[in-house]
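# Close look at the chain arrangement
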Amino acid sequence: MKGLYYSEFKVNFDRDEFEMNKGLKGLEERVLSQGLCVSCGACLSLCPYLRSWQGRVVKLHDCGLDEGRCFAYCPKAEIDLERIDHKEINQKYKKIEMGPVKKVLMVRAKGTIWAKKAQSGGVVSALIDFALGKKAIDAAILTQRETDILPGGRIVRNREDILTCAGSSYISGPTLEALHKGLWQGEEKIGVVGLPCQALALTRMRSSSLEKRTPVDKVELVIGLFCTWALEYEQFSTFLKGKLGQSPIHKLEITPPPERLLKVYTNGQLHPLPIDEIRPFIRKGCHVCSDMTAEFSDISAGTVEGIEGWNTVIIRSDRGEALFKEAEEEGIIECQLLPEDHLEHLKEASLLKKERAINNIREREQSRGKSR
Ligand SMILES: Cc1cc2nc3c(=O)[nH]c(=O)nc-3n(C[C@H](O)[C@H](O)[C@H](O)COP(=O)(O)OP(=O)(O)OC[C@H]3O[C@@H](n4cnc5c(N)ncnc54)[C@H](O)[C@@H]3O)c2cc1C
């Protein structure tokens, strides 16, 4: 891993910026038509021309603006991570395999209430619940499965709602649309749980100079989820229906090597699917994503491979650290040191995602160059 810099991650970045449309036209040319959209929801409900349909962002009409928030907030449009206002992150990758890190720990939520519904250790749900209880936030945007497996953003204000959203949907959906579209009730402090692309979009929103009519400035806490990739809804759900029929899906779970399965739980039944069978449904945009651990978050959480019921947690910001410390002191969560071999593996996996993304970006650039 010699000489990797954030500046190499110039996805859709043109040196001649002045000629580039940074509105819907640019978004369409560089992201939507290239199949790079991951449907994070950052561009939705800002103008009448973009809609979410079956897990995809669809353009309804042309827009004549040279610049727009749809482009400015998109985590796939003109990404030059070096330019993003994220003070600690502008360093060599070697030093920051996983972005800014204060602590990496193995953590789980105490109490059986989270264990039943949560994906792994329940830390994400428990921390949001704790932050609401302590009034560190007034509401949070989580992700809930809508019809069958299609996820969408949901504003939560209490434990019952948090529990409804617990668990992972490995499909990417427009969670962030809730920020612009949500029926807010005068909340001043908002928490968001999202994938690395969604955490990056939030960072772009918060550092954008474009007019903000949305509650972007009220985002106080971002909890990011580790993510190697997410699936595309339409094709994957057709595939699943072919395999399982119309049975409602209760839980999805990905198991680590050597098993490497997507376990789908329906009414009392388990359907194990080899990961290789679902790879064709991975979003194209995930192949140019360099972030596995949600580096633009206050706290990031993933599963601890091979140790059931625990989360790997990366504490990144002062705000994240303060919330986490309080939750630990009040007995909401319990922590252990992450075993050294797990930490090394995490760093390796994070670097591997960056390496793969760089190679894919270079390949794309080369083939774009050839076709010009
Ligand atoms: C697409 C995807 C890929 C992932 N890949 C990895 C991985 O490679 N390695 C790893 O260690 N962990 C991965 N995770 C994270 C892991 O599945 C757990 O979310 C994480 O360990 C937190 O566990 P928990 O028990 O604290 O979560 P819970 O307490 O159950 O809370 C989970 C939270 O995730 C949110 N959520 C669920 N689905 C989505 C979605 N599609 N988009 C945005 N938010 C969502 C919900 O709002 C909920 O609040 C992935 C998650 C997703 C959604």
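This section reports on the structure supplied with the text. Values in this document were obtained by computation on a predicted structure and should not be read as measured data.

## Remarks on the overall build of the protein chain
Secondary structure assignment for the protein chain yields eleven helices and 15 strands. When burial is assessed residue by residue, the protein chain has 44% of its 372 residues classed as buried. Restricting the contact set of the protein chain to residue pairs at least 6 apart, pairs at least 24 apart contribute 71%.

## Concerning the site of the ligand
As a structural note, the neighbourhood of the ligand is formed by 33 residues, with A118, V124, S125, L142 and G302 the closest of them. Put simply, the parts of the chain that give the shell around the ligand at least two residues each are α4 (123-133), β6 (139-145), β8 (190-194) and β13 (299-303). Of the residues in the shell around the ligand, the class split is 16 nonpolar, 17 polar and no charged.

## Thoughts on the sheet that holds strand β14 (residues 311-315)
As summarised here, the arrangement of the eight strands in space is β7-β6-β8-β9-β13-β14-β5-β15, forming an open sheet in which the pairing is mixed. Each having just a single partner strand, β7 (151-156) and β15 (333-337) make up the two edges of the open sheet. Neighbour-to-neighbour, the strand axes of this sheet turn through a mean angle of 30°, independent of strand direction. Looking at chain direction, strand β5 (residues 103-109) and β15 are connected through five bridges and run antiparallel. Note that in β15 the partner of R108 across the bridge is E334. The strands that helix α7 (residues 196-207) touches are β8 and β9 (219-225); relative to β9, the one it contacts most, it runs at about 155°.

## A look at the pairing of β6
When you tally the buried positions in β6, you get six out of seven residues, the bulk of the element. Examined bridge by bridge, β6 and β8 share three bridges and lie parallel to one another. If you follow A140 over to β8, its bridge partner there is G191. As paired strands, β6 and β7 are joined by six bridges and run antiparallel to one another. Within β7, the position partnered with I141 by the bridge is I155.

## Some remarks on the nonpolar core
C43, C74, L127, I128, A140 and A201 are the most contacted members of the largest nonpolar core, which totals 96 residues. The leading source of residues in this core is α4, at seven residues. The residues contacting C43, other than those within four sequence positions of it, are L27, L50, V57, C70, Y73 and C74.

## Considerations on the environment of A230
By secondary structure assignment, the location of A230 is in the loop between β9 and α8 (233-244). It is 5.5 Å that separates the C-alpha atoms of A230 and S172, two residues lying 58 residues apart in sequence. Contacts of A230, omitting those with residues within four sequence positions, involve V38, Y170, I171, S172, L195, R283 and C286.

## Looking at unusual backbone geometry
In this structure, the amide linkage connecting P257 to the following residue, P258, adopts the cis form with an omega of 5°. The residue P258 is located in the loop between β10 (249-254) and β11 (261-266) in this model. The residue S45 is not glycine, and still its phi comes out positive at about 65°. Along the chain, S45 falls in the loop between α1 (24-32) and β2 (50-53). The phi dihedral of R260 is positive, around 45°, even though this residue is not glycine. We classify R260 as exposed; it has 11 C-beta atoms within 10 Å.

The rules behind these values
Residues numbered from 1 in each chain as written. Predicted model: local features only at pLDDT ≥ 70, side-chain atom pairs only at ≥ 80, totals over all residues. Helix = DSSP H or I, 4+ residues; strand = E, 2+ residues; numbered from the N terminus. Buried ≥ 20, exposed ≤ 12 C-beta atoms within 10 Å, placed from the backbone. Contact = placed C-beta atoms within 7 Å. Near = placed C-beta within 6 Å. Nonpolar A, V, L, I, M, F, W, Y, C, P; charged D, E, K, R; others polar. Pairing = 2+ DSSP bridges. Axes fitted to C-alpha atoms, helices over the stretch in contact; angles between N-to-C directions. Core = buried A, V, L, I, M, F, W, Y, C linked by C-beta atoms within 7 Å.

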